[in-house]
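Structure at a glance
Here is what each chain is made of, one letter per residue.
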Amino acid sequence: MTSLAPLKLGLTGSIGMGKSTVAAMFAAEGVPVFDADAEVHRLQGPDGALLPAIEAAFPGMTGGQGVDRAALGARVFSDAAALEALEAIVHPAVAALREAFLTRHAAAPLVVLDIPLLFERSGSAQVDRVAVVSAAPAVQRARVLARPGMTTEKFEAIVGKQLPDSEKRARADFVIPTDVPLETTRAEVARVIACLRTPIGR
Ligand SMILES: CC(C)(COP(=O)(O)OP(=O)(O)OC[C@H]1O[C@@H](n2cnc3c(N)ncnc32)[C@H](O)[C@@H]1O)[C@@H](O)C(=O)NCCC(=O)NCCS
Ligand SMILES: Nc1ncnc2c1ncn2[C@@H]1O[C@H](COP(=O)(O)OP(=O)(O)OP(=O)(O)O)[C@@H](O)[C@H]1O
């Protein structure tokens, strides 16, 4: 009997739209989730596998606690070439971890790949369906600017590097609203799972 590979749902959305929160809702429903951002934090954290390569490319940006995220963010979000150099170090490592995750969960009917830059780095070709988490711009802005160390300049630099939310919504199979009560978002997550678990949804 041929084993069906998992249906791969890409989960994406711009900064502060609610990817991590919605990914946790899928996980709570028993769906295996690959969290690319969490893997990047591990790779860049204390004893992270990428620290030597990042220190070589960006001297002084790592220490006992791993990458100095604020300093490296300030360095790369205002310099396209520097961001490209950092991505060239990080993205292949994340891709290898993503393949290991898919192998580990080969028998699951459905898996979620939480990838912030799914559309920006043509990752959508590697998934079967795409769900975009989305909220009104004012809600997104308020959430992100409330974060410690975040500035308007950094927020706008990051948003400027990400595909507009309207474009992501237009390209998505599912749009999961996050500027609504958590229960409403959770119900939408359950609906997406139910849809993808039926043969028609596949
Ligand atoms: C530069 C770094 C150290 C800054 O860390 P910091 O904790 O300050 O920001 P954080 O990682 O939480 O990202 C903040 C926001 O920027 C977005 N973002 C991160 N990297 C990028 C990128 N290369 N292009 C566009 N947006 C990005 C994230 O999706 C998030 O919405 C970090 O963002 C990083 O290493 N980025 C490069 C790797 C990458 O592309 N990661 C995102 C996809 S896996
Ligand atoms: N209905 C909702 N669904 C999801 N998040 C919500 C909702 N209502 C409020 N929030 C809040 O919005 C914030 C979303 O932040 P979260 O870290 O999930 O976004 P993100 O897209 O992962 O951000 P980043 O791209 O910076 O990693 C959280 O603080 C969450 O509690």
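Note: the structure precedes this text.
Computed from a predicted structure; not experimentally measured. (Residues numbered from 1 in each chain as written. Chains lettered and ligands numbered in written order. Predicted model: local features only at pLDDT ≥ 70, side-chain atom pairs only at ≥ 80, totals over all residues. Heavy atoms only, no water.)

Let us now look at the site of ligand 1. Around ligand 1 lies a shell of 20 residues, among which Gln-44, Arg-69, Glu-87, His-91 and Lys-154 are the nearest. For ligand 1, an oxygen atom lies 2.7 Å from a polar atom in the side chain of Gln-44. With respect to ligand 1, the side chain of Arg-69 contributes an N or O atom lying 2.8 Å from an oxygen atom. Counting only elements with at least two residues in the shell around ligand 1, the list comes to helix H2 (36–44), helix H4 (69–76), helix H5 (80–104) and helix H7 (152–160). Of the residues assigned to the shell around ligand 1, the class counts are 11 nonpolar, 4 polar and 5 charged. Each of two domains, domain 1 (1–32 + 109–202) and domain 2 (39–104), supplies a minimum of three residues to the shell around ligand 1. (Near = heavy atom within 4 Å. Polar contact = N/O pair within 3.5 Å; in protein donor to acceptor, adjacent residues only side chain to side chain. Helix = DSSP H or I, 4+ residues; strand = E, 2+ residues; numbered from the N terminus. Nonpolar A, V, L, I, M, F, W, Y, C, P; charged D, E, K, R; others polar. Domains from an automatic or database assignment.)

Attention now goes to the packing of aromatic side chains. Scanning all chains against the criterion turns up 1 aromatic pair. Measuring from ring centre to ring centre gives 5.6 Å for Phe-34 and Phe-101, while their planes differ by 50°; the resulting arrangement is tilted. You can see Phe-34 sitting in strand S2 (residues 33–35) and its partner Phe-101 sitting in helix H5, a full 67 residues away along the chain. Each member of the pair, Phe-34 as well as Phe-101, is classed as buried. (Phe/Tyr/Trp six-rings, centres within 6.5 Å; stacked < 30°, edge-to-face > 60°. Buried < 20%, exposed > 50% of the residue type's maximum accessible area, 1.4 Å probe, protein only.)

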